[in-house]
Amino acid sequence: MRLGVIDVGSNTVHLLVVDAHVGAQPIPASSHKRELRLSEHVTDDGAIDDAGCEQLAEFVAECLTVAEDQGVEDLMGFVTSAIREAPNGDDVLAAVKERTGVVLEVLSGEDEARLTFLAARRWFGWSAGTLLVADIGGGSLEIAQGMDEDPDISISLPLGAGRVTRDHLAGDPPGEAAVRAARKHVRATIARELRPLAKAGSPDRVVGTSKTMRSLARITGAAPSSEGMYAVRHLERAALDAILPRIASMTAAQRSSLPGVSTSRAQQLLAGGLVASATMDLLGVDRLELCPWALREGIILRRLDGMH
């Protein structure tokens, strides 16, 4: 059957349409997305403003039309930290439902970590052994570890690239003091949550997902997207740490000229690099392998498992 998933993230709202069959790999059929940047449509009290709510409802309606045109039989939608943490999140979801009829599911941070882990497990298979998976979104960082399809440990931290940029890295480029303070904040936040992972022991394979991870890997020498999803890509901590000072000194426009960095993501590249470096360093990881599947694919796989 043809499935559709609307992923409402802190940066992008993305409709992914796949041809899916129980026991088979979901094959992408089409993709439709828009950079809504809901994390920037927040008032002083953290609520989603009227413009953000209106743009979301409008784009979900557009996604619904695209899904119908593509012959989607089952359409799912979910939201992550941008709306989950907003005081008026329920009102935003109600407005979307009233206008479009689409019910968007609210995922907890731990749900995000577990579903992303499921996608990575299915991608790499059982031979990968114990997996450690890190995902840097716009609003949060998810870390999960385990040897099964459901991780033994799932952690969600408020360290998304968009959030860290907004809260700690003002300026274009930000000053040295701000970068140092952001680095300190990121590392202290991760360090507070390390105990379960430290007790779990060393994983057999360390995996990174998300657009942020892919961009960081690309600027440090990984294969371009033109080589396809099956190309093996790694992010090396030493290479990342070597280039971070240069990224910190660049404006967003200058960062957008780097390979694999879009104009819309350039502002957040430094924050993503600080979070990735801290995660790898504090977990004792020198290199991680990029996984092309992440949360959206995890949602699809969960749906297929339920059908089976």
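**Some details on the overall build of the chain**
Point 1. Secondary structure assignment for the chain yields twelve helices and eleven strands.
Point 2. For 308 residues, the compact-globule formula gives about 19 Å, and the C-alpha radius of gyration of the chain, at 19 Å, lands near that figure.
Point 3. Seen through its C-alpha atoms, the chain measures out along the principal axes to roughly 50 × 45 × 35 Å.
Point 4. Sorting the 308 residues of the chain into buried and exposed places 52% on the buried side.
Point 5. Of the contacts made within the chain by residues no fewer than 6 positions apart, 68% connect residues no fewer than 24 positions apart.
Point 6. Carbon and sulfur atoms form 48% of the exposed surface of the chain, whose accessible area is close to 13,400 Å².
Point 7. With 32 positive and 42 negative side-chain charges, the chain shows a spacing of 7 Å between the two charge centroids.

**With respect to unusual backbone geometry**
Point 1. In this structure, P173 follows D172 across a cis peptide bond, with omega equal to 0 degrees.
Point 2. As for its position among the elements, P173 is in the loop between α5 (161-168) and α6 (176-191).
Point 3. The backbone phi angle of S210 is positive, close to 105 degrees, even though this residue is not glycine.
Point 4. Among the structural elements, S210 can be located in the loop between β9 (205-209) and α8 (211-219).

**Quick notes on the sheet that holds strand β10 (residues 234-236)**
Point 1. Read across the open sheet, the six strands follow the order β8-β7-β6-β9-β11-β10; overall the sheet is mixed. A single partner strand is all that each edge strand has here, and the edge strands are β8 (153-157) and β10. On average, adjacent strands in this sheet sit at an angle of 25 degrees to one another, irrespective of strand direction.
Point 2. Bridge analysis of β9 against strand β11 (residues 287-290) gives two bridges, and the strand direction is parallel. Bridged to V207 within β11 is E289.

**What to know about empty space enclosed by the protein**
Point 1. Tallied over the entire structure, the rule returns three cavities of 30 Å³ or more.
Point 2. Together, L16, V18, P26, P28, M229, W293 and E297 line the largest cavity.
Point 3. Residue composition of the lining of the largest cavity, grouped by class: six nonpolar, no polar and one charged.

Definitions and cut-offs
Throughout, a residue's number is its position along its own chain's written sequence, starting from 1. Totals for whole chains, interfaces and linings use every residue, but because this is a predicted model, local features are given only for residues with pLDDT of at least 70 and side-chain atom pairs only at 80 or more, for both listing and counting. The side-chain numbers reported here are obtained from all heavy atoms of the structure, hydrogens and water having been left aside. The way it works is that DSSP assigns letters per residue, a run of H or I at least four long becomes a helix, a run of E at least two long becomes a strand, and they are numbered from the N terminus. With C-alpha atoms as the basis for the radius of gyration, the globule rule is written as 2.2 Å multiplied by the number of residues raised to the power 0.38. With a 1.4 Å probe rolled over the protein chains alone, any residue whose accessible area is under 20% of its type maximum counts as buried; one over 50% counts as exposed, and the rest are partly exposed. Between two residues, a contact is recorded if the distance between any of their heavy atoms is within 4.5 Å. Each accessible area value is a Shrake-Rupley result obtained with a 1.4 Å probe; residue values ignore everything except the protein chains displayed when judging cover. The charge count treats Lys and Arg as positive and Asp and Glu as negative. His and the chain ends do not count. All charge positions are set by atom: Lys at NZ, Arg at CZ, Asp at CG, Glu at CD. When DSSP locates at least two bridges between a pair of strands, those strands are taken to pair. To define axes, lines are fitted to C-alpha atoms, for helices over the stretch in contact only, and angles between the resulting N-to-C directions are given on a 0 to 180 degree scale. Using only the protein atoms, space was sampled on a 1 Å grid; points where a 1.4 Å probe fits but cannot get out form cavities, open sets with protein on both sides within 12 Å along at least five of seven lines form pockets, and lining residues are those with an atom within 4 Å of a point. Grid points are joined across faces, edges and corners, and a volume is the space filled by probe spheres set on the points. Ten residues, namely Ala, Val, Leu, Ile, Met, Phe, Trp, Tyr, Cys and Pro, are considered nonpolar, four, namely Asp, Glu, Lys and Arg, are considered charged, and the remaining ones, Gly among them, are considered polar.

These results come straight from atomic positions and should not be treated as a statement about function.
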